Amino acid sequence: MPSLLYNDMQFSVEPSGDRWDITYRLPSGASALAAAGLFPGLSEADAAVRALALVKTIFPVGIKSVGPDVTHPNRIGDLKIVGPDVTHPNFIYWDKDSVSSPKTL
Amino acid sequence: MEIKGSVALVTGGGNGIGEAVVKHLAKAGAKVAVVDMVQKNIDRVVKDIKAMGGEAVGIQANVTSEADTARYIKGTIEAFGQLNIAVSCAGIIRDGTMLSLDKETGKVSKKLGLDKWQAVIDTNLTGTFLTMRDAAEAMVNGGWQGLLVPISSVNKVGQVGQINYSSAKVADALMPKIIVGEFLMRGIRNIRCVAIAPGYTATPMLTGMNQDALKAILEDVHLGRLVAPEEIASLISYCVENEALNATTIEITGGLCYPKGIAK
Ligand SMILES: NC(=O)c1ccc[n+]([C@@H]2O[C@H](COP(=O)([O-])OP(=O)(O)OC[C@H]3O[C@@H](n4cnc5c(N)ncnc54)[C@H](O)[C@@H]3O)[C@@H](O)[C@H]2O)c1
């Protein structure tokens, strides 16, 4: 059962008969089904390659800024400075380091 | 076009009519992409399709976003290698009359907010346009046979309390004529477009409503009951298979009439 770590998201490629299912962990910790019954007849290694290509398409790396992010203010004394709201699910805030690309400051 | 072996993408596939359509196509042998905003509904539908022995990919996305649209079209093609059927079921309602009057003074007390107008136009019209446009682009560039299915509504005729919804749905109903006309102009022969305009359909939204209101609605339906989502799904499957159906909008209402018997 190949496990993929892509963009800080944990995916599993699980066999289901001669096909493959792709599951992943939601930020809440729950498991979600990204795909079921895919890649009939492919070997585990080939299915893992195809699965990685698919998750890269469905979950592209990027950020989307949609307005003031009031839940993550930068505090200077009493002052709260709010930046843009970055809604990509994998955006890494300064206080939560990336697993796949650790901060090297 | 044969359903078996084809690839279908259904927006709003996590609930109601979209769920019925995506399951019906999967059962008939299509590989399917379930696109919706609600992840837990995507999960449920993908699991059900897996239990039927089908192939499905679930993509959480907002149909009003151009970037999301590109992502779910590409994701479907990455998973299954082609795209043949695109059904645009994602839709919302935000009902209200354009003006409300104060009973005492007779003056306007409330106007329909731009938020309610825009949300419905964005989802039901712009969302449908984006899915149809990008699905058609993929089908043309891939050289695949295809069917585009915008979902309109019988309320395209103009329903009071739904200036936003009816405006979007009448525009959705026009799409097949325009799209197919443009395809003919451009020499694109491999893609058809048929819109479906359902009447009152037994989705959770309607079955869960006030039962007296539901009874009043059914008084105007010749069939005497709501249309089942599966009946709409089977009509869409028929549209896939019958290639003479093209550039038109088909109503499926059970015979919805205006009071006193005029068919709506
Ligand atoms: N139910 C009816 O009686 C009826 C009648 C005529 C037309 N319609 C049309 O049929 C379509 C489906 O209706 P339904 O009753 O099944 O609705 P529904 O609410 O049961 O399902 C709609 C689905 O679309 C999804 N959705 C909404 N906005 C989205 C967005 N921006 N991006 C992605 N997904 C989104 C929702 O999460 C939901 O799963 C709609 O276009 C609706 O206008 C329904």
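The rules behind each value
- Residues numbered from 1 in each chain as written.
- Chains lettered and ligands numbered in written order.
- Predicted model: local features only at pLDDT ≥ 70, side-chain atom pairs only at ≥ 80, totals over all residues.
- Heavy atoms only, no water.
- Salt bridge = Lys/Arg side-chain N within 4 Å of Asp/Glu carboxyl O.
- Buried < 20%, exposed > 50% of the residue type's maximum accessible area, 1.4 Å probe, protein only.
- Pairing = 2+ DSSP bridges.
- Helix = DSSP H or I, 4+ residues; strand = E, 2+ residues; numbered from the N terminus.
- Axes fitted to C-alpha atoms, helices over the stretch in contact; angles between N-to-C directions.
- Contact = heavy atoms within 4.5 Å.
- Near = heavy atom within 4 Å.
- Polar contact = N/O pair within 3.5 Å; in protein donor to acceptor, adjacent residues only side chain to side chain.
- Areas by Shrake-Rupley, 256 points an atom, 1.4 Å probe, with all protein chains shown as cover.
- Nonpolar A, V, L, I, M, F, W, Y, C, P; charged D, E, K, R; others polar.
- Buried area = accessible area lost by both parts, 1.4 Å probe.
- Core = buried A, V, L, I, M, F, W, Y, C linked by side-chain atoms within 4.5 Å.

Quick look at the pattern of salt bridges now. Inspection of every chain in the model, using the stated rule, returns eleven salt bridges over all chains. Arg-19 of chain A is the salt-bridge partner of Asp-18 of chain A, the closest N and O atoms lying 3.8 Å from each other. According to the relative accessible area criterion, Arg-19 of chain A is partly exposed, its value standing at 24%. Two residues, Arg-133 of chain B and Asp-134 of chain B, come together in a salt bridge whose shortest N-O distance is 2.9 Å.

Okay, the sheet that holds strand E1 (residues 7–11) of chain B next. As summarised here, the arrangement of the eleven strands in space is E1(A)-E2(A)-E3(A)-E4(A)-E3(B)-E2(B)-E1(B)-E4(B)-E7(B)-E8(B)-E9(B), forming an open sheet in which the pairing is mixed. The strands lining the two open edges of the sheet, one partner per strand, are strand E1 (3–6) of chain A together with strand E9 (248–252) of chain B. On average, adjacent strands in this sheet sit at an angle of 20 degrees to one another, irrespective of strand direction. Of the pairings in the sheet, the one linking strand E4 (residues 31–38) of chain A to strand E3 (residues 56–60) of chain B comprises two bridges and is antiparallel in character. By the bridge assignment for E3 of chain B, Ala-36 of chain A is matched with Ala-56 of chain B. Across the sheet, helix H5 (residues 163–186) of chain B is in contact with strand E7 (146–150), strand E8 (191–198) and E9 of chain B; its angle to E8 of chain B comes to roughly 170 degrees. Contacts from helix H8 (residues 229–241) of chain B reach strand E4 (85–88), E7, E8 and E9 of chain B within the one sheet, and its direction differs from that of E8 of chain B by about 160 degrees.

On to the pairing of strand E6 (residues 108–111) of chain B, then. Residues and elements named next belong to chain B. In this sheet, E6 lies alongside strand E5 (residues 99–101) in antiparallel orientation, the contact comprising three bridges. Within E6, the residue paired with Leu-101 across the bridge is Val-108. Here E5 folds back onto E6, and the loop between the two strands holds six residues, one of which, Gly-106, carries a positive phi near 75 degrees.

Before going further, it helps to examine the site of the ligand. Residue and element names in this part refer to chain B. The local shell around the ligand holds 27 residues, among which Ile-17, Asp-36, Asn-62, Tyr-165 and Lys-169 are the closest. Note that an oxygen atom of the ligand is positioned 2.9 Å from one of the side-chain N or O atoms of Asn-15. The contact in question runs from an oxygen atom of the ligand to an N or O atom on the side chain of Tyr-165, over 2.5 Å. The protein chains hide 90% of the 810 Å² of surface that the ligand would expose on its own. Of the residues contributing to the shell around the ligand, the split by class is 13 nonpolar, twelve polar and two charged.

All right, on to the interface of chain B and chain A then. Chain B puts 18 residues into the contact, and the matching count from chain A is 22 residues. Interface of chain B and chain A: buried area, both sides summed, is about 1,500 Å²; carbon and sulfur atoms make up 53% of it. Inspection of the chain B/chain A interface yields two salt bridges. Linking chain B with chain A are ten residue pairs in polar contact (both at pLDDT 80 or more). Contributing elements (two or more residues each) for the side of chain B that touches chain A: helix H2 (39–51), E3 and helix H3 (66–80) of chain B. Counting residues per element, the side of chain B that touches chain A draws most heavily on H3 of chain B, which supplies seven residues.

On to the nonpolar core. If you look at the biggest cluster of nonpolar residues, it comprises 49 residues, and the most contacted ones within it are Phe-11, Ile-22 and Leu-54 of chain A together with Val-57 and Leu-148 of chain B. When sequence neighbours within four positions are dropped, the list of residues in contact with Ile-22 of chain A reads Phe-11, Ser-12, Ala-32, Leu-33, Ala-34, Ala-35, Leu-38, Phe-39, Ala-51, Leu-54 and Val-55 of chain A. Counting 38 residues, the second-largest nonpolar core is a separate cluster that includes Ala-30, Ala-56, Ile-196 and Leu-245 of chain B.

Take it as geometry only, folks, not as evidence of what the structure does.
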